[in-house]
Amino acid sequence: MAKAWLITPTARMHSEYAPLGMAFLASFLHGRGHEVVWDLVGPDAVDGGGIARRARALAPDAVFVSSAPRFYCTCPVPTVEAALAVGRGVREGAPRARLVAIGPIASVRPDVFLEGKDGRFDVVCRGEPEPSAEGVLLAPSVEGCGSVPGASIAGRTGGEAPYADLASLPPPARDLLPMESFVFESHFARRTTAIQASRGCPFACTFCFINRDDAYANLNAGKKFRTRSPEQIVAEVSGLKARYGIDGLFFEDSEFVVHRKHAEGVAEALARSHPDVRWSAHIRATSVDREMLSLLHRAGCREIFFGVESGNAALLESTRKGVTLESITEAFRLTREAEIRSTASFVLGLPGETPATVEETIRFARRLKPDHASFHIFAPYEGTRLHGEAVAAGRIE
């Protein structure tokens, strides 16, 4: 048995987005018999010697530091500078501990952590950390980590790791979290928290970090859609209700209805076992119809988050999202009829955006009449198709 110290640098300690990626890793390692300690490190605690003192007290065998609080989302918020600062503190307090970077940003740019002047991590676990973390934890040396599938060391990259088998993973280790920081009051429930029923997305939106433009695309959640069973979801919800008084859920799945039969199974299981729980989910406009929306409402769904992106037809088509302004309009109409609230998310600044197309998007948002609307500035995440196009066009280095 080894001691693993998991560290999540975070921009703020209170958020509806619980770091479920790290919570799954914690439960996986604990289930394999290892001692697991997990710290959330806010911006005020990164420097000042606190990390070094904590490292000396814990004396861990390996320290896993995340490069973004959330792993499996369209737009992970990078915490690279904080992760590097944490790494320096660990080196000071526990110089013999194996220092490992995980998460989506480290997966894309392992060189920053392994070779940069402020990096000097020993290992990067690329993609989902569960398939490679234990091998890295138990390898006899840093050099031996280079042979672990999914792991990179300075000057050497191991083979690709398989996708994580969600059905075999234990539920996320929420008991290691300061859970009250990740419980919030939503418009549909008094105590709401995040949950995950699936990973991966087969669609190919050009701006999305989940499904990067490479053959394997497993540096976040990847193309391969995998699910947890309805029984696993029901059992987790039972625990959340009993231990934390949870009555609302926010499904963090990139797209809840990728596989219609699975979505129906989860919805029907929730309707049978937890009819008092209300929830929200991300769903594509082309995935909803009256039948599906009726089932979702009966199962407790009270809000759907739609990625609309743009109100300009040409810009929308350029994202390769596979939806049209007409299909989006129909989805919002049917959602209103089903008495489910809607959130419309837009991206401003896509390549080709002009003041005129921004105005089109604003007018389209008004016509949709969503209950909520959010507008986000386009971020060219490295490895996405739009990042490659921006580099080729000389817009960014």
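Above: the structure in question.
**Quick look at unusual backbone geometry**
Positive phi is not limited to glycine here, since Ala-59 has a value of about 50°. The residue Ala-59 is located in the loop between helix H2 (50-58) and strand E3 (62-66) in this model. Looking at Ala-59, the relative accessible area reads 55%, which means it is exposed. One non-glycine residue, Glu-309, adopts positive backbone phi at about 80°. Take Glu-309: it is sitting in strand E13 (residues 301-309). Owing to a relative accessible area of 5%, Glu-309 belongs among the buried residues under this scheme.

**What to know about the sheet that holds strand E15 (residues 372-377)**
Taken in spatial order, the 6 strands line up as E8-E11-E12-E13-E14-E15 in an open sheet, and their pairing is parallel. Unpaired on one side and paired on the other, strand E8 (192-195) and E15 mark the two borders of the sheet. This sheet shows a mean twist of 20° between the axes of neighbouring strands, independent of strand direction. One ladder, built from 3 bridges, connects strand E11 (residues 248-251) with strand E12 (residues 278-282); its direction is parallel. Paired with Gly-248 across the two strands is Arg-278, which belongs to E12. This element, helix H12 (residues 325-337), spans E13 and strand E14 (341-348) of the sheet and lies at about 165° to E13.

**A short note on the side chain of Gln-232**
Mapping Gln-232 onto the fold places it in helix H8 (residues 230-244). Excluding residues within four positions of it along the chain, Gln-232 makes contact with Leu-166, Ala-167 and Leu-169.

**Regarding the nonpolar core**
If you look at the biggest cluster of nonpolar residues, it comprises 95 residues, and the most contacted ones within it are Leu-6, Leu-29, Phe-64, Phe-251, Phe-256, Trp-279 and Leu-296. When residues of this core are assigned to their parent elements, the largest contribution, 8 residues, is made by helix H1 (residues 20-31). Here Phe-251 is in contact with Ile-195, Ala-197, Ile-233, Phe-256, Val-266, Leu-270, Trp-279, Ser-280, Ala-281 and His-282, once residues within four sequence places are set aside. Counting 28 residues, the second largest nonpolar core, distinct from the first, contains Val-65, Ala-68, Val-80 and Val-86.

**Quick word on the sheet that holds strand E5 (residues 123-125)**
Within the open sheet, the 7 strands sit side by side as E2-E1-E3-E4-E5-E6-E7. Their pairing is mixed. Of all strands in the sheet, those bounded by a partner on one side alone are strand E2 (35-41) and strand E7 (156-157). When strand E1 (residues 3-9) meets E2, the two strands line up parallel, connected through 7 bridges. For Thr-8, the partnering residue across the bridge sits in E2 and is Leu-40. Contacting E1, E3 and strand E4 (98-102), helix H3 (residues 80-93) runs over the sheet at an angle of about 145° to E1.

**As for the environment of Leu-386**
With respect to the helices and strands, the residue Leu-386 is situated in helix H14 (residues 385-392). Under the relative-accessibility criterion, Leu-386 is labelled buried at 6%. Along the backbone, Leu-386 and Ala-167 are 219 residues apart, and their C-alpha atoms lie at a distance of 33 Å. Excluding its chain neighbours within four sequence positions, the residues that come into contact with Leu-386 are Thr-206, Phe-207, Leu-350, Pro-351 and Phe-378.

**Quick word on the packing of aromatic side chains**
Within the structure shown, the criterion is met by 8 aromatic pairs. Residues Phe-256 and Trp-279 carry aromatic rings whose centres are separated by 5.3 Å and whose planes lie at 45° to one another, so their mutual orientation is tilted. Note that Phe-256 is positioned in the loop between E11 and helix H9 (260-273) and Trp-279 in strand E12, a separation of 23 residues in sequence. Residues Phe-256 and Trp-279 agree in their burial class; the two are buried. Sitting above the plane of the Phe-24 ring, Arg-199 keeps its charged end 5.2 Å from the centroid. Positioned over the ring face of Phe-203 is Arg-284, at 3.8 Å from the centre of the ring.

Definitions and cut-offs
- Residues numbered from 1 in each chain as written.
- Predicted model: local features only at pLDDT ≥ 70, side-chain atom pairs only at ≥ 80, totals over all residues.
- Heavy atoms only, no water.
- Helix = DSSP H or I, 4+ residues; strand = E, 2+ residues; numbered from the N terminus.
- Buried < 20%, exposed > 50% of the residue type's maximum accessible area, 1.4 Å probe, protein only.
- Pairing = 2+ DSSP bridges.
- Axes fitted to C-alpha atoms, helices over the stretch in contact; angles between N-to-C directions.
- Contact = heavy atoms within 4.5 Å.
- Core = buried A, V, L, I, M, F, W, Y, C linked by side-chain atoms within 4.5 Å.
- Phe/Tyr/Trp six-rings, centres within 6.5 Å; stacked < 30°, edge-to-face > 60°.
- Lys NZ or Arg CZ within 6 Å of the ring centre and 35° of its normal.

Honestly, that's just the spatial picture; any functional story needs more than this.
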